[in-house]
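Chains, contacts and geometry: an overview
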Amino acid sequence: MTAQPLYFDCDTGIDDSMALAYLLASPEIEIAGIGTVSGNVNSTQAARNTLALTQLAGRATIPVAVGAADPQAGTYGGSVPHIHGHNGIGDITVPDSAQSAVAQDAADMIIELARTHRGKLRLLTTGPLTNVAEALRREPELPSLVQDITIMGGAAQQSGNVTPVAEANIHNDPEAAAEVLAAPWDITLVPLDVTLAHTLEEADRRRLLDSGRPLPVALGEMMDLYYDFYLETFGRRCCAVHDPLAAAIAVGGVVPTLAPSVDVVVDATQGPGRGQTICDLRGQFLNYPPQKGAHCRVVLKAGPDSAAHLVERLLTL
Ligand code: BDR
Ligand code: CA
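So, a few notes on the structure that sits alongside this text. Treat the numbers as computed from the prediction; the structure is a model and nothing was measured.

**Looking at the pattern of salt bridges**
- A full pass over the atoms with the stated rule returns 18 salt bridges.
- One salt bridge connects Glu139 with Arg115, and the closest N-O pair in it is separated by 2.8 Å. Of this pair, Glu139 sits in the loop between helix 5 (130-138) and helix 6 (142-145) while Arg115 sits in helix 4 (residues 106-116), and the two are 24 residues apart along the sequence.
- The salt bridge involving Glu175 is made with Arg274; its shortest N-O contact spans 3.0 Å. Here the residue Glu175 occupies a position in helix 8 (residues 174-182), and Arg274 occupies one in the loop between strand 11 (264-266) and strand 12 (277-279), the gap between them amounting to 99 residues.
- Given the relative accessible area of 19%, Arg274 is considered buried.
- By sharing partners, the salt bridges in this structure join Glu202, Arg205, Asp224, Asp228 and Arg237 into a single network.

Below you can see the structure in the form of structure tokens.
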């Protein structure tokens, strides 16, 4: 199997860390570079977390670029310590990496990697889309230079998790999301509809802790705080698998079972719909004409047992 080059863009919180670990454990892809963005924490702290975690896995040489500090419009709204901890990784202590972030910013890294791996680079984003939108502005040909993009974000037929209609990654930079979703590339959108339907449980966390392996143990430790946050949502200590599920779908480890290709528009107005991903799912009604040229696959359902797959793979680290 030839590993495909993948660029990963993240706002390294707890589930981004799980996605990162999953990618590190995936033979189907090779992480060509990682860019960070402000979301769960600011982009500098996200890079610090990313570097520390790749070092923990013995993969410190993967280049990490610090990305945008602020969204396309306005300023960064601040971190979410009640969800991801003050440091983004559940307030656990991980030694800082001996490596520093590279000099180029994340948008330039995307462009450079896309040109180097022309037509083959895959993009995966688990944070706000600020860096990708910036890369599109600097290199309008970007969509033709990459193979595809998988985006964790949005809510199709489900309510949002920040406003009644907006999911966090889209809410944190609607202008960027609108540009990225409108660009002519193959998009797989992994929204809350599917990520909230897949959970990791206390037994899964215990398996990571019991592994004795540095990165799985660190994940198990940071998930403690994440489980506290999700107690109110699910009524038990567990967590949704937003970012690792998107990673697994990008890599092919988890297969979508319901994923129509439809037109998706992001509301970037200042009204109550700001940050909504408006997915044209009218095709579910009889006689509505199929959408020609729709290039966004919206994952509504995915295979039954993603938790087992995720944990098995994380335990190989
Ligand atoms: C998304 O928001 C962030 O808090 C998570 O890391 C995930 O990417 C879920 O809405
Ligand atoms: Ca994230």
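**Examining the site of ligand 1**
- Surrounding ligand 1, one finds Asp15, Asp16, Asn40, His84, Thr126, Met152, Asn161, Glu167, Ala168, Asn169, His242 and Asp243.
- A distance of 2.4 Å separates an oxygen atom of ligand 1 from a polar side-chain atom of Glu167.
- Here an oxygen atom of ligand 1 and a side-chain polar atom of Asn169 are 3.0 Å apart.
- For ligand 1, whose free accessible area comes to 280 Å², the fraction covered by protein is 94%.
- More than half of the atoms belonging to ligand 1 lie within 2 Å of the grid points that define the largest pocket.
- Tallied by class, residues from the shell around ligand 1 come to two nonpolar, six polar and four charged.

**Details of the layout of surface pockets**
- Within this model, the largest pocket holds a volume of roughly 710 Å³.
- For the largest pocket, the lining is made up of 41 residues, of which Asn40, Ile83, Asn161, Val162 and Ala168 are closest to its centre.
- Only helix 1 (14-24), helix 3 (81-84), helix 7 (168-171), helix 11 (214-234) and helix 12 (242-251) provide two or more residues apiece to the lining of the largest pocket.
- With four residues, helix 11 is the largest single contributor of residues to the lining of the largest pocket.

Each value, and the rule that gives it
Residues numbered from 1 in each chain as written. Chains lettered and ligands numbered in written order. Predicted model: local features only at pLDDT ≥ 70, side-chain atom pairs only at ≥ 80, totals over all residues. Heavy atoms only, no water. Salt bridge = Lys/Arg side-chain N within 4 Å of Asp/Glu carboxyl O. Helix = DSSP H or I, 4+ residues; strand = E, 2+ residues; numbered from the N terminus. Buried < 20%, exposed > 50% of the residue type's maximum accessible area, 1.4 Å probe, protein only. Near = heavy atom within 4 Å. Polar contact = N/O pair within 3.5 Å; in protein donor to acceptor, adjacent residues only side chain to side chain. Areas by Shrake-Rupley, 256 points an atom, 1.4 Å probe, with all protein chains shown as cover. 1 Å grid on protein atoms, 1.4 Å probe; cavity = no way out; pocket = protein on both sides within 12 Å on 5 of 7 lines; lining within 4 Å. Sits in = over half its atoms within 2 Å of the grid points. Nonpolar A, V, L, I, M, F, W, Y, C, P; charged D, E, K, R; others polar. Points joined across faces, edges and corners; volume = space filled by probe spheres on them.

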